[in-house]
Amino acid sequence: GGRPSACVFSFKDLCQEPRGAADFIVIARAFDVVMLSDVPPMTLSERNEVRRFITLVDVLYEQRTKLVVSAARPLERIFEARYREPGEDRFAAAPAAAAEKPSASAAAANSDEAFAFDRCTSRLMEMGSSEYLGTDA
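Note that the structure is a prediction, hence the values are computed from the model and not measured. (Residues numbered from 1 in each chain as written. Predicted model: local features only at pLDDT ≥ 70, side-chain atom pairs only at ≥ 80, totals over all residues. Heavy atoms only, no water.)

**A word on the packing of aromatic side chains**
Definition in use: Note on aromatic contacts: the rings of Phe and Tyr and the six-membered ring of Trp form a pair at centre separations within 6.5 Å, being stacked when their planes are under 30 degrees apart, edge-to-face when over 60 apart, and tilted otherwise. Numbering goes from the N terminus for both helices and strands, where a helix is a DSSP run of H or I of at least four residues and a strand is a run of E of at least two. Buried residues are those whose accessible area, probed at 1.4 Å on protein chains only, stays under 20% of the maximum for their type, while exposed residues exceed 50% and partly exposed ones sit between those limits.
As enumerated under the stated definition, the model contains 4 aromatic pairs in all. When the centroid spacing of 5.8 Å and the interplanar angle of 20° are considered together, the rings of F53 and F117 count as stacked. Of this pair, F53 sits in helix α3 (residues 47–62) while F117 is found in helix α6 (residues 112–127), placing the two residues 64 residues apart along the sequence. Judged by relative accessible area, F53 falls into the buried class, the value being 0%. Pairing Y61 with Y132 gives two aromatic rings, centres 6.1 Å apart and planes at 15°, and the pair type is stacked. Here Y132 lies in helix α7 (residues 130–133) and Y61 lies in helix α3, a separation of 71 residues in the sequence. Through a chain of ring-to-ring contacts, three or more aromatic side chains come together here, namely F11, F53, F79 and F117.

**Description of the pattern of salt bridges**
Condition: In the sections that follow, a salt bridge refers to a side-chain nitrogen of Lys or Arg positioned within 4 Å of a carboxyl oxygen of Asp or Glu.
Going through the model one piece at a time under the given rule, you end up with 10 salt bridges. Put simply, R119 and D58 hold a salt bridge, and the shortest N to O gap is 2.5 Å. Linking R119 in helix α6 with D58 in helix α3, this pair joins segments that are 61 residues apart in sequence. Classification of D58 by relative accessible area gives buried; the value is 13%.

**Here we look at the sheet that holds strand β4 (residues 66–71)**
Applied cut-off: Any two strands with at least two DSSP-identified bridges between them are counted as paired. Axes here refer to lines fitted to C-alpha atoms; in helices the fit is confined to the stretch in contact. Angles between the N-to-C directions go from 0 to 180 degrees. Whether two residues are in contact is decided by their heavy atoms, any of which lying within 4.5 Å being enough.
As summarised here, the arrangement of the 3 strands in space is β1-β2-β4, forming an open sheet in which the pairing is parallel. Two strands in the sheet have a free side with no partner beyond their single neighbour: β1 (6–10) and β4. Taking each pair of neighbouring strands and ignoring which way they run, the sheet shows an average axis angle of 15°. Lying on the sheet, α3 is in contact with β2 (33–39) and β4; it crosses β2 at an angle near 160°.

**So, the nonpolar core**
We apply this condition: Note on terminology: a nonpolar core comprises buried Ala, Val, Leu, Ile, Met, Phe, Trp, Tyr and Cys residues joined through side-chain atoms within 4.5 Å.
By size, the foremost hydrophobic cluster in this structure holds 32 residues, and its most contacted members are M42, F53, L67, F79 and F117. Residue assignment for this core shows that the elements contributing at least two residues are α1 (11–15), α2 (21–30), β2, α3 and α6. Per element, the largest residue contribution to this core is 8 residues, and it comes from α3. If sequence neighbours within four positions are ignored, L67 has contacts with V34, L36, V57, L60, L124 and M127.

**Regarding α6**
Quick reminder of the rule: Each residue after the first adds 1.5 Å to the expected span of a helix.
In this model α6 runs 22 Å from its N-terminal to its C-terminal C-alpha over 16 residues, within 8% of the 22 Å that 1.5 Å per residue would give. Along α6, the positions that sit buried rather than exposed are E113, A114, A116, F117, C120, T121, R123, L124 and M127.

Laid out in structure tokens, this is it:
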């Protein structure tokens, strides 16, 4: 009922620590808006972080909580269905060989995370829509 409430968490706090859906539900019920900062690029090398990020988005989506994300890349390019090369800088552009994204079917066959992240990206796009946000703009 009262005023809208908001909180700020870093990606590290929520997705690099051992947290799960129950933790995210508590946050979603306590706040109207969640701001998530410093979301890095992710590959299959960060499988646990990918799974936590997807779970976080799923919970916020299901609870109709607004999400504001500060990320290193556009959200539709934050996940690559590949493993990071040894010594590769996480924030550098993907190596030329990895720049060609595998087809969605190949990625999905290769990884449950790739399929789940495609759904996650779709939800993130919907969460940015005026319908989800409850605005007319």
